[in-house]
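Breakdown of the fold
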Amino acid sequence: MKNSLLMSWIFLSGTIYLANAQCHPDDFAALRALYLATDGDNWSDTSGWTLVRNHSTPPINCNLSTLSGVNLYISGSNQGRVRRLTLPSRGLTGTIPQATLDNLEAVERLFFYDNNITGLPPRSSAKLQLLIDVNLAKNSLTSFPAVLLTFKNLQEINLSENDFSSSSLPDTIGVLTKLIELNLNYSDLGGEIPKSIGELTSLEKLQILGSRLHGDIPREIGFLDNLRWLRVGSGRMSTILPSTMQNMDSLWVLELRDINFSDGLFPQVICQIGNLGGLTIYNSNMRGPIPEEIGELSNLYQIDFVNNQLDSLPQTIGQCTDLLILRLENSNISNIPSSVGSLHQLQTLNFKDNRIKSIPAGVYQLDVKFIDLNGNQLSGHIPCHFGQMD
C-alpha cells in the first residue's frame, strides 16, 4: 500500500512538473514581484500578465511565455526558464524588487528602456552568471546601480538619459572585465573618470556625453586596447589628452564635446592614433592651426570641428582621401586649402560662419551632396552647378 501511494505521488508530481515546464516557480515569483512593485496594473501593455497578478504561485498549465516581453529558453539545461525580459516604454514605476533579481537566475538580458524606474536593490543573492546585457536607459535613476558590479559577466550596460545628479562612476568599475559597451550619455554623471576604467580591457565602446565630469581624462584610458568608440562630453573638464592614447590602435571614433583643453591647442596626440576614422571636437574653444600631421590619419572619413577657434586648415588635409564629411562651422577659419579639391569622396562640406573670402577652383569640381558656406565673406562668381547643390 505504501509503495502504491509513493508511486502515485511520484507520478502526480511528475505530471505537475511537466505541465509547468514553461513556468519555473522562481521565475514566476520574480515576475509577480516585478509586476506588483512597479504598478503593473497601470502598465501600457499588460498582455498575459494577469497570470502572475491573479496567482500567488504557479497554477497548473502555467506558461510564462504568454506574458508579453518574456522570452524563455527553448532547450538546454535552462529550458523553460526566463532568458530575456524586454519591457520598454511600459510605464514601470518605482524600484526593481529584490525578489526579481534574486530569482531570475538564468536571465541573459534585462531591457527596461524608457520607463520610470528609480532604482535597483543594493545587492542580490544571485550572481546572475548568464546576465550579459542591462538596458535602463531613459529612466529615473539617480546613481550608478551598485548591484551591477556584482554581475561579473556583463557585456553591455546602457544607463543613458537618467539623472545621476552629479553622482560619480564607482571607483570599482574595473571589476567588470568582460564589459564591451558602457553608455552613460546624458545622465548628468559627475566626479572624475576613475583610473580603474583602464581595467576594462574588453571595452569597445565608452560613451559619456552630456555629463558633469571634471578633472582629467586619465592616462589609464590609453590601456584600453580594444576600445573602438570613445565619446566624452562635459563643460567642466579641463584636460590635456594623455600621451597613452597614441597606443589606442583600435580606436575608430573619437568624439570630444564641450571639453576645454588646458593649453587651448589641438591635441597633438590625436595625430598619432593611426586607425582613427571619425573625429569630432565640438565647442571646445580650441585655438590655433590644426597640425600638419593630421594628414597622416589616412583612414579619416569624418572631421567635425564646430565652434572652435582654429584659424586655418593645413594643406595636408588633402591626404585624407577617404573623407566623406568635412565640417568646420563657426571655427574662425580664414581659408579653404586648395588640397580640399583632391578629396573626391567628400559628400558634406560645411564651412558656415567663418571668415572665408574665396573658394579654391578645385573645390568647385567636387561632387558633394551638401555644402554650406553661409556667413562668410565670399565675393566673385560661383559656378551655377555649385549653387544648385542641396
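Structure shown above.
Rules of the game
- Residues numbered from 1 in each chain as written.
- Predicted model: local features only at pLDDT ≥ 70, side-chain atom pairs only at ≥ 80, totals over all residues.
- Heavy atoms only, no water.
- Helix = DSSP H or I, 4+ residues; strand = E, 2+ residues; numbered from the N terminus.
- Rg over C-alpha atoms; globule rule 2.2 N^0.38 Å.
- Buried < 20%, exposed > 50% of the residue type's maximum accessible area, 1.4 Å probe, protein only.
- Contact = heavy atoms within 4.5 Å.
- Lys, Arg positive; Asp, Glu negative; His and termini not counted.
- Charge placed at Lys NZ, Arg CZ, Asp CG, Glu CD.
- Phe/Tyr/Trp six-rings, centres within 6.5 Å; stacked < 30°, edge-to-face > 60°.
- Lys NZ or Arg CZ within 6 Å of the ring centre and 35° of its normal.
- Disulfide = S-S within 2.5 Å.
- Salt bridge = Lys/Arg side-chain N within 4 Å of Asp/Glu carboxyl O.
- Core = buried A, V, L, I, M, F, W, Y, C linked by side-chain atoms within 4.5 Å.
- Polar contact = N/O pair within 3.5 Å; in protein donor to acceptor, adjacent residues only side chain to side chain.
- Pairing = 2+ DSSP bridges.
- Expected span 1.5 Å × (residues − 1).

1. A word on the overall build of the chain
- Of the regular secondary structure elements, the chain holds five helices and 18 strands.
- A compact globule built from 390 residues should have a C-alpha radius of gyration of about 21 Å, whereas the chain, at 28 Å, is more than 25% larger.
- Dimensions of the chain, computed from C-alpha atoms along their principal axes, come out at roughly 105 × 45 × 35 Å.
- Per-residue burial over the chain gives 50% buried out of 390 residues.
- Across the chain, contacts joining residues at least 24 apart in sequence account for 46% of those joining residues at least 6 apart.
- Across the chain, the centroid of the 27 positively charged side chains sits 6 Å from that of the 37 negatively charged ones.

2. Looking at the packing of aromatic side chains
- A complete count under the given rule lists six aromatic pairs for this structure.
- An angle of 35° between the planes, with centres 5.4 Å apart, marks the rings of Trp-252 and Tyr-301 as tilted. One end of the pair, Trp-252, is in the loop between strand S11 (238-239) and strand S12 (253-257); the other, Tyr-301, is in the loop between strand S14 (278-282) and strand S15 (302-304), and 49 residues separate them in sequence.
- A connected cluster of aromatic rings, assembled from ring pairs, spans Tyr-35, Trp-43 and Trp-49.
- Over the ring of Trp-229 we find Lys-205, and its NZ or CZ is 4.6 Å from the ring centre.
- Here the guanidinium or amino end of Arg-257 rests over the ring plane of Tyr-282, the centre of that ring lying 4.6 Å away.

3. So, the state of the cysteines
- Within this structure, the stated rule accounts for one disulfide.
- Cys-23 shares a disulfide with Cys-62; S-S distance 2.0 Å. Classification of the bridge connecting Cys-23 and Cys-62 rests on its S-S torsion, roughly 60°, and on that basis the disulfide is right-handed. Of this pair, Cys-23 sits in the loop between helix H1 (2-19) and helix H2 (25-37) while Cys-62 sits in the loop between helix H3 (50-53) and strand S1 (70-72); the two residues are 39 residues apart in sequence, bridging distant segments of the chain. Like Cys-23, the residue Cys-62 is buried in the burial classification.
- For the unlinked cysteine Cys-271, the closest cysteine sulfur is that of Cys-320, found at 9.1 Å.

4. Here we look at the pattern of salt bridges
- If you walk through the whole model with that rule in mind, you get 14 salt bridges.
- Here Asp-133 and Arg-109 are joined by a salt bridge, their closest N and O atoms 3.5 Å apart. Pair noted here: Asp-133 is in strand S6 (residues 133-135) and Arg-109 is in strand S4 (residues 109-111), with a separation of 24 residues, a long-range link.
- A relative accessible area of 14% means that Asp-133 is categorised as buried.
- For Arg-109, a relative accessible area of 30% corresponds to the partly exposed category.
- Here Glu-255 makes a salt bridge to Arg-231, at a shortest N to O gap of 2.8 Å. You can see Glu-255 sitting in strand S12 and its partner Arg-231 sitting in strand S10 (residues 229-234), a full 24 residues away along the chain.

5. Comments concerning unusual backbone geometry
- The backbone of Asp-188 shows a phi angle near 60°, a positive value even though the residue is not glycine.
- As for its placement among the helices and strands, Asp-188 is situated in the loop between strand S8 (181-183) and strand S9 (205-211).

6. Quick word on the environment of Tyr-113
- Following the sequence through the fold, Tyr-113 ends up in the loop between S4 and strand S5 (116-119).
- In sequence terms Tyr-113 and Leu-92 are 21 residues apart; their C-alpha atoms lie 9.9 Å from each other.
- With sequence-adjacent residues up to four places away left out, Tyr-113 is seen in contact with Leu-87, Pro-88, Ser-89, Asn-135, Ala-137, Lys-138 and Asn-139.

7. Focus: the nonpolar core
- In terms of nonpolar packing, the biggest core is built from 108 residues, with Leu-64 and Leu-326 touching the most fellow members.
- Every element with two or more residues in this core is listed here: H2, H3, S1, strand S2 (82-86), S9, S10, S12 and S14.
- Sequence-distant contacts of Leu-326, that is, excluding residues within four places in its chain, are made with Ile-303, Leu-313, Val-340, Leu-343, Leu-346, Thr-348, Leu-349, Asn-350 and Phe-351.

8. Notes on the side chain of Thr-100
- Within the element layout of this structure, Thr-100 appears in helix H4 (residues 98-103).
- Overall, Thr-100 belongs to the buried group, its relative accessible area being 2%.
- Contact partners of Thr-100, with chain neighbours within four places excluded, come to Ala-30, Ala-33 and Leu-34.

9. Notes on the side chain of Arg-231
- You can call Arg-231 buried: its relative accessible area is 18%.
- Side chain to side chain, Arg-231 and Glu-255 meet in a polar contact 2.8 Å long.
- Non-local contacts of Arg-231, meaning those with residues more than four positions away in its chain, are made with Asn-185, Leu-206, Gln-207, Ile-208, Leu-209 and Glu-255.

10. Thoughts on the pairing of S12
- With four of five residues buried, S12 lies mostly within the body of the structure.
- Across five bridges, S10 lies against S12 in parallel orientation. Within S12, the position partnered with Val-232 by the bridge is Leu-256.
- Here S12 runs beside S14; their pairing, made up of five bridges, is parallel. Note on S14: the bridge partner recorded for Leu-256 is Ile-281.

11. Description of H2
- Between its first and last C-alpha, H2 extends 18 Å over 13 residues, near the 18 Å set by a 1.5 Å rise per residue.
- Among the residues making up H2, those that are buried are Asp-27, Phe-28, Ala-30, Leu-31, Ala-33, Leu-34 and Tyr-35.
- Positive phi appears at Asp-39, one or two residues downstream of H2, with a value of about 60°.

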